[in-house]
Each structure stands twice: as structure tokens, then as C-alpha cells.
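Listed below, chain by chain, are the residues.
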Amino acid sequence: EDDDSDDEMREELAPRIPTGKPRRQGVSAEAINDTDTSWEPPVYPKNPEVRQQLTDIIRTSHDSKMHMLFGGVSKDTFERILDACELKAVAKGESVIEQGDVGDYFYIVKSGEFDIFVSKGQDPPKKVFQAGAGFAFGELALLYNAPRSATISAAEAAEVFALDRTAFRNLVIKSSEAQFRQRVEFLNGVDVFQVLNENERASLAEVLEEEEFEDDEAIVEQGERDDKMFILLTGKAVACIKGDQGEVEVRTYTVGDYFGEIALLSGEPRKATVYAVGPCTCMYIARPTFLRVLGSLSSFLERNIGTYEKYQDAIASAALEEGRTLTELAEDDDHKDDEHEGATQKQKKVGVRKRERPSENLQNIKTNTKIEKEDAEPETLADKVAQDFKVPALVTPAAEFEVPGTQMMVYGGLILGQKFTMNKIVHARTDAKPMQVGDGDEKFNWSNGATKIKAGTDIGIVCQKGQKSASDPTPNQDNFFVTQKDGVSMYGVADGHGPFGHLVSFRLVQTLPHFISKSEHYGKDWEKALKDAFLDAQQDLCEFCKLHNINIEASGAAGSVMVMEEQTVHIAFIGDARIMLGSWNRRDTRMIFCTKDHKPELPEEKARLEANGSEVREIDPGSYRIYLPGSNFPGLTMSRAFGDTACNGVLREPEYHKFLMQPTDQWYAIVASDGVWEFLEGEEACNLTAKKLRLKGPQETINFLVGASRKRWEHCCGDYCDDITAILVQWNSDNKESKSNHSLTVKRPEK
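Note that residues are indexed from 1 along each chain, following the sequence as it is written. At least 70 in pLDDT is required for a residue's local features to be given in this predicted model, at least 80 for side-chain atom pairs to be given and counted, and no such filter applies to totals for whole chains, interfaces and linings, which use all residues. The side-chain numbers reported here are obtained from all heavy atoms of the structure, hydrogens and water having been left aside.

Chemist: I'd like to hear about the nonpolar core, residue by residue, with values.
Modeler: For our purposes a nonpolar core is just a set of buried Ala, Val, Leu, Ile, Met, Phe, Trp, Tyr and Cys residues, chained together by side-chain atoms within 4.5 Å. Buried, partly exposed and exposed residues are distinguished by accessible area as a fraction of the type maximum, computed with a 1.4 Å probe on protein chains only: under 20%, between the cut-offs, and over 50%, respectively. Leu508, Leu512, Ile516, Trp526, Val561 and Phe642 are the most contacted members of the largest nonpolar core, which totals 42 residues. With nine residues, helix H16 (residues 526-547) is the largest single contributor of residues to this core. Between two residues, a contact is recorded if the distance between any of their heavy atoms is within 4.5 Å. For Phe642, the residues in contact, after removing those within four places along its chain, are Leu508, Leu512, Phe534, Ala537, Gln538, Leu541, Ser555, Gly556, Ala557, Gly559, Ile574 and Arg652. If you look at the next biggest cluster of nonpolar residues, it comprises 34 residues, including Met408, Val426, Ala558 and Val569. Starting at the N terminus, helices and strands are each numbered in turn, a helix being any DSSP run of H or I of at least four residues and a strand any DSSP run of E of at least two.

The structure is reproduced here in C-alpha cells:
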């Protein structure tokens, strides 16, 4: 499709709701007359069934703009929007929007299909999208008083809910603006955010989430670790501290009060439980969002350390307070500053008393609960992951991909229930006998007579689970392989992503070396051999996932492969699992080469994606993702990857490079997942590792690199950390401990 047409369609399908913030020049929203108090929204009667249908469409639509437009409106405003939507029938071929016209309605599709056409100059209109039930269109002209940017016609008889221009602006836009202003006002009154400037508080206001709680529901719980700070919007809440004799109430909260700031700032366990007293509503912000909006929280605190000393004191005081008995707490009616989260605000002092929670109503508990069969349809991702582990074909090695005649074949396996930093299980097929070395390391030694490298080759491998969230059910989604056959060494990393990235990467570390070794170009034309292997692995992946009902529309993997034949290094890669080639020689320490990520904003990549009908959208400054046109799905970050079948134009053909070593060159390579490269560039990685490699060898060096990467994750993202996998290959090593010319050390999982 024409690039400009795609841009115009993107504008029509991706609204930016005015929030009252200073906007960039050149975009002008139509002014709303806030002084007109006589306006009343229209009411179009609907039977309960139709009203519920409209509610369900708005709440469950896959069209991202529905949440953007309606997700923040109040319950009362939402009901008025339902009243104001008029159900209209549209005949086949009828146009509800004409390009260039003034906008009059916003439309939500109830049934049928609509074709969306864009005209440019004298060229005939081009179809750029088809919108079905649950999609919406027409908001841009209403938001910004702009002409219609497309013609939208019914491809078949259809029904739409239409919201007129005045109702849309008064109900949707004014509601969004009012909510934004309210949030800013709240932040202006929150002590912990007083050090922020106006723009920073406005940025925070845009990302605050909202949650409702029922009477006596725990909003936060003592002893838990999380990273959210809450601000009470409506209702009341009470803080309680639990000890030997139960819980005592130590503090009440009313509208405008906040709690949870200690967790936001430091990640400390909760010092108290906070219960809702009657229904209440809270706004909250999580630490990763805070970091994303404002940058490093650590540097932020360093700029304002004096302001936060009282919060550090609160943490220490709360820990001390927690050690006291409840009797002592209850008797201390005169304490003036309850040491728990939120205690630094002006106190709403209450008498400390034992809390009696309502007993649970067990009358409606069924005693004849049906036991679900093992093959029942999974209800959650955790259920799906657990069910997949009951299918041997998905989680155990496939015999058909064993490469015959290998001296070494090792790759990572899958296991449920792994925690942060736990090591990958390892499948090894080799005659070399493993030796236990170090703390949980396993080492293999063997000889390869075909190499032209003068000295030995030492390999170190680390593959460890990250920490995406406390409830993330997916195993380590990274994987790796090392295969040596006929004197040819193959190294690879697959960095999985999406709900089933672990299954994708596990399949790839088996199929890639298999298809490389089976290629007719093996040992003859490595560029063709690697290209064929990548494409064959993708085809196998699609067929395999279809057979086992694994959805890989938004699940996939970056993949990088390095082949060493004699003294030539061949590199093929897609995505962001990089390969860095460097020299560890003391007098020639340098980075020789590092792959560059296949990002969708790169001109060649973007052109291909858009020519194939996908949309490249900038979601944050400098951050681009790939979507289906007019949708918020799937949000792919790389323009080349295995899997990721939702968007056309995502490529599996690898970028290829080769380098010729001299037999005595002291080179090394790092093949690693994005867990290493997210906060490290190739030059910095080389500077960190070359000297260490000379002095400590590959395994200690790779441990150091993984540790350095994890520290950067912690510094920038708090508790969040990606899975981390790294293979370090050192050629012409000084290892004289073994008579073999190859060694491989890998961390085994904890028992």
C-alpha cells in the first residue's frame, strides 16, 4: 500500500485524546464551550439486550481506541454515552463516511463489515483496512475538527451505533479532560510528588490506573512485596498491623490520602494491610511505569535525597514497630505518628484497636465441586502453560532433530516453576564426560582435529530465568544451543517472547542446527545454508504449532547463529539477540563487529512492513512497534523474528556477515539475548569483558557480564528483569589444564 495512505489511515485509527496538556504546534483541537450548562445528551431508547450488547462491545473490543476513548469515563458518563448512541442500519454499499467531509458522527460497528478506502491525488481509492463488529471509526475528525481522512462503506448489510459530534465531545472528550485535571490536582496535593515539576506531574497523571475495591477487601497486604502506590479517590480505608494476637487498626484513610509510597520508592515489604471500608476507588502507579515516565528512580531520589529522608525513617520505624506486641500497640493510644506507609501525611488519628473482620459466608459453597478433566480447556495462561507441559511433544527433545555424527550437542530444556535467576536445564548429547566444577557448573572437554586455530577454544554458557512479574507463569523463554559436527562449530541463542515464546525457542534450538547440517549448501555456501535453515525452521514452527494448537500470532523469538568453520566466522541473525565479535588480546583489545537490531523504524524495514499491510507506530519517543492497521495488536518490537505471524512483512530471512581470523588471532564472541543487550552496547560489553576474559576465562567472564546486565535491569526497572542468556566463545585461549582443544562450561539448574 502507499506509504502516505497508510499514514493517513493510521491517523484515523489511532486517536490522541486531548488532555489539556501543552501540545505540539500544528495540532489544534476544537474548543469546547465549558460555560454551556444547558446542553443535555440525547437519549435513544434501547431494550436491555441491545444496551448490554453495546456495553460488551465497548468493554471487550480488540480495537484499542475503544479503551482509549471510554476506559477512563465515569460510570455515570458511560451510562449517558450508552443512552446517546443511536442504532442505525446501513445498506450494502452505503458510505457512512466520505473522505474530505466534515465529521458528524463517531461509529461503533455492531454487525457487518466496512471497507476503508483512502484516496491520494488523482489516483483511484485504495482499500487499506476492513473493520468488522467491535471496531470503531470516525473519532479523528471529531477530536481535532479535521476533515474525514478516508471513505468508509458497508461491504455488506450492517448495523452501527452512532454518537453525534456534540455528544461525543461533551461526554467523551470533556470527561477525559476532567479526569486528567482531577488527577493533576491530586498529584499536586501528594507530598511525595511535590519535588516533580508541572510537566512531570502531568506525565504521571496520564499513566495513573484506577481500581475499585469492595468492602473489607485488602488493597495491600502486610508482608507482601509489590511496587504500587495508591491514592484514595472515593470511600474510606483502614490500615492494620498484624502480630501475635491478630490485627489492630492503626490508621484510617479518606479521599485524597495515599499509601504504598515506601514500596514505590524502595520495594520494601508492606508494613501494614489496608482494607476498604465500604466500596472505594483508588488510583495507583507502579514503579516500572514511574521509571518509564520519569527515568531512573535512583537518580531521581539522589537529586532530592533530603526530601526523602523522612521516608527512609518511616521504613526503619515501621520495621521496629512490627516487632512490638499487639497488646503494646493497643495500649499506646498516645503515639502520634504511626510508622507505616502513608504515615508522613497529616494524621487522621484513631484509637488503636483490635480489628474484627466479618466471618466468611460459607452457606453458598458447593460441596459437590466437579473435578475438571486433565484435558479441560485452560482458562488462563498459567493453565495453558501447565497443560502444555503434559504434552511430551512440546517440552521434551524431538529425536528427529538429533544431528548425527556430532561431537557435542547441547541445548536448554524446559521446566515449570523456575524462579528468578534459576538456571536452565540442559540436554547434552556427547561422548565427553561431564565434570562438576565450581558452584553448580558442569564442564565438558573434547578435541576437534579439523580446526585451524592454533590453541584451544573455551566456551561458557549462562541461561537464567528473569522476573517479569510475581504472577508470570511462563518458564524461561530464552534458549541456546552449541553443536559441533565435522569440525564445524554452531552456536545459537533464541530469545523467546509472547505467551508461548518458551515453546518457540525450545523448538528452534533443536531445528536450527538440524536444518543447517541438512542443507545442500552446508560447508559450501554458508550464507545460503543459514538462510535456508532459518526459513525451514520457521516453516516447521508454523506447522508444529498448528498441529498442537499453539498460537504464535504474537509469540516468537529473535534468533542469532554463529558458525565457525576452520578459521572463518559466519554470522546470521534476526531480531535483537545480538552477536559481538571482539579481540581479547592485551595489545589489541577492541570490538570487531556487533550486530544491529532489526527495528521496525529502520527505513528499509519500515518500508517492507508497510508495503505488506502492517502498521509501524511510535508509542514512546524513539520506541516503535508493529500493529495490524487500526488495532493495538500485536505490538511487535522487531521487524524480523521467528513466529510472530500476525503481521505481514515480519521477515525470517537472516542478515549475514562473515569474518576471517588468522590462526593465532585472540578473538572472542558473545552470543546473547536481549537480557544482556537492553542496557549494554557492543563497545561497552567489550570494554567490560576483554580484560576479565584474559584474567579469568570465559565462565567467570560470562558470569560477570550477566551480573552487570542484571544490575542495570535493577537500576532502571526495579524488580523487573528479562531472561538472560549468553554464550561466550574464546578462541586461542590460554587454558592449559586440559589436553583437549575444546571445553564447554554450563550452569546446571539448582536441585
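Chemist: Talk me through the environment of Leu728; I want residue IDs and the actual numbers.
Modeler: Positionally, Leu728 belongs in strand S33 (residues 724-733). Classification of Leu728 by relative accessible area gives buried; the value is 0%. Leu728 sits 60 residues away from Tyr668 along the chain, and the two C-alpha atoms are 7.2 Å apart. For Leu728, the contacting residues outside a window of four places in its chain are Asp458, Ile459, Gly460, Tyr668, Ala669, Ile670, Leu693, Pro698, Thr701 and Ile702.

Chemist: Run through the packing of helix H15 (residues 501-518) against H16, naming residues and quoting values.
Modeler: Here H15 crosses H16 at 140 degrees, and the two axes come no closer than 9 Å. Put simply, H15 runs oblique to H16. Crossing angle aside, the handedness with which H15 passes H16 is right-handed. Contact residues: H15 offers Val504, Arg507, Leu508, Thr511, Leu512, Phe515 and Ile516, while H16 offers Trp526, Leu530, Ala533, Phe534, Asp536, Ala537, Asp540, Leu541 and Phe544. Partitioning the contact of H15 with H16 into residue classes produces twelve nonpolar, one polar and three charged. The axes are straight lines fitted to the C-alpha atoms, using for helices just the contacting stretch, and the angles between their N-to-C directions are given from 0 to 180°. Note on angle classes: values under 35 degrees are labelled roughly parallel, values over 145 roughly antiparallel, values of 65 to 115 roughly perpendicular, and the remainder oblique. By the definition used in this description, the sense in which the near helix is turned from the far one sets the handedness, with an anticlockwise turn below a right angle giving left-handed and a clockwise turn giving right-handed. Amino acid classes used here: Ala, Val, Leu, Ile, Met, Phe, Trp, Tyr, Cys and Pro are nonpolar; Asp, Glu, Lys and Arg are charged; the rest, including Gly, are polar.

Chemist: Please set out the pairing of strand S22 (residues 488-497) residue by residue, giving values where relevant.
Modeler: Within S22, nine of the ten residues are buried, which leaves the element mostly enclosed by the surrounding structure. One requirement defines pairing of two strands: DSSP has to find at least two bridges between them. As defined by bridge partners, strand S21 (residues 478-485) adjoins S22 across eight bridges and the pair is classed as antiparallel. Bridge pairing in S22 links Phe480 to Val493. Linkage of S21 to S22, two consecutive antiparallel strands, is achieved through a turn of two residues, within which Asp486 is found at a positive phi near 55 degrees.

Chemist: Lay out the pattern of salt bridges in plain terms, naming residues and giving numbers.
Modeler: For salt bridges, the criterion is a side-chain nitrogen of Lys or Arg within 4 Å of an Asp or Glu carboxyl oxygen. Counted by the stated rule, this structure contains 22 salt bridges. Close ionic contact of Arg51 with Asp83 constitutes a salt bridge, the shortest N to O distance being 2.8 Å. Note that Arg51 is positioned in helix H2 (residues 48-60) and Asp83 in helix H4 (residues 75-84), a separation of 32 residues in sequence. Classification of Asp83 as partly exposed rests on a relative accessible area of 22%. In this structure, the salt-bridge partner of Asp722 is Lys468, at a minimum N-O distance of 3.8 Å. Taken together, the positions of Asp722 in the loop between helix H20 (698-717) and S33 and Lys468 in the loop between strand S20 (456-464) and S21 put the pair 254 residues apart, joining distant regions of the chain. One continuous salt-bridge network, built from bridges that share partners, spans Arg51, Glu79 and Asp83.

Chemist: Residues and numbers for unusual backbone geometry, please.
Modeler: Across the junction of Phe633 and Pro634, the peptide omega takes the value 0 degrees, indicating a cis bond. You can see Pro634 is positioned in strand S29 (residues 634-636). Backbone geometry at Asn145 places phi at a positive 55 degrees, although glycine is not the residue there. Among the structural elements, Asn145 can be located in the loop between helix H5 (139-144) and strand S7 (151-154). Phi is positive for Asp486, which is not a glycine, with a value near 55 degrees. Within the secondary structure layout, Asp486 lies in the loop between S21 and S22. On the accessibility criterion, Asp486 (53% relative accessible area) is exposed.

Chemist: How would you explain the pairing of strand S24 (residues 568-574) if you had to name every residue and give the values?
Modeler: Within S24, seven of the seven residues are buried, leaving the element largely enclosed by the surrounding structure. Here S24 shows two buried faces, one formed by Thr568, His570, Ala572 and Ile574 and the other by Val569, Ile571 and Phe573. In this sheet, S24 lies alongside strand S23 (residues 556-565) in antiparallel orientation, the contact comprising seven bridges. Directly across from Gly559, in S24, lies its bridge partner Ile574. Between S23 and S24, which pair antiparallel and follow one another directly, the connecting turn spans two residues, one of which, Glu566, has a positive phi of 60 degrees. Two strands pair when backbone bridges link them, and S24 and strand S31 (residues 655-660) are joined in this way by six bridges, in the antiparallel orientation. Opposite Val569, over in S31, you have Phe659 as the bridge partner.

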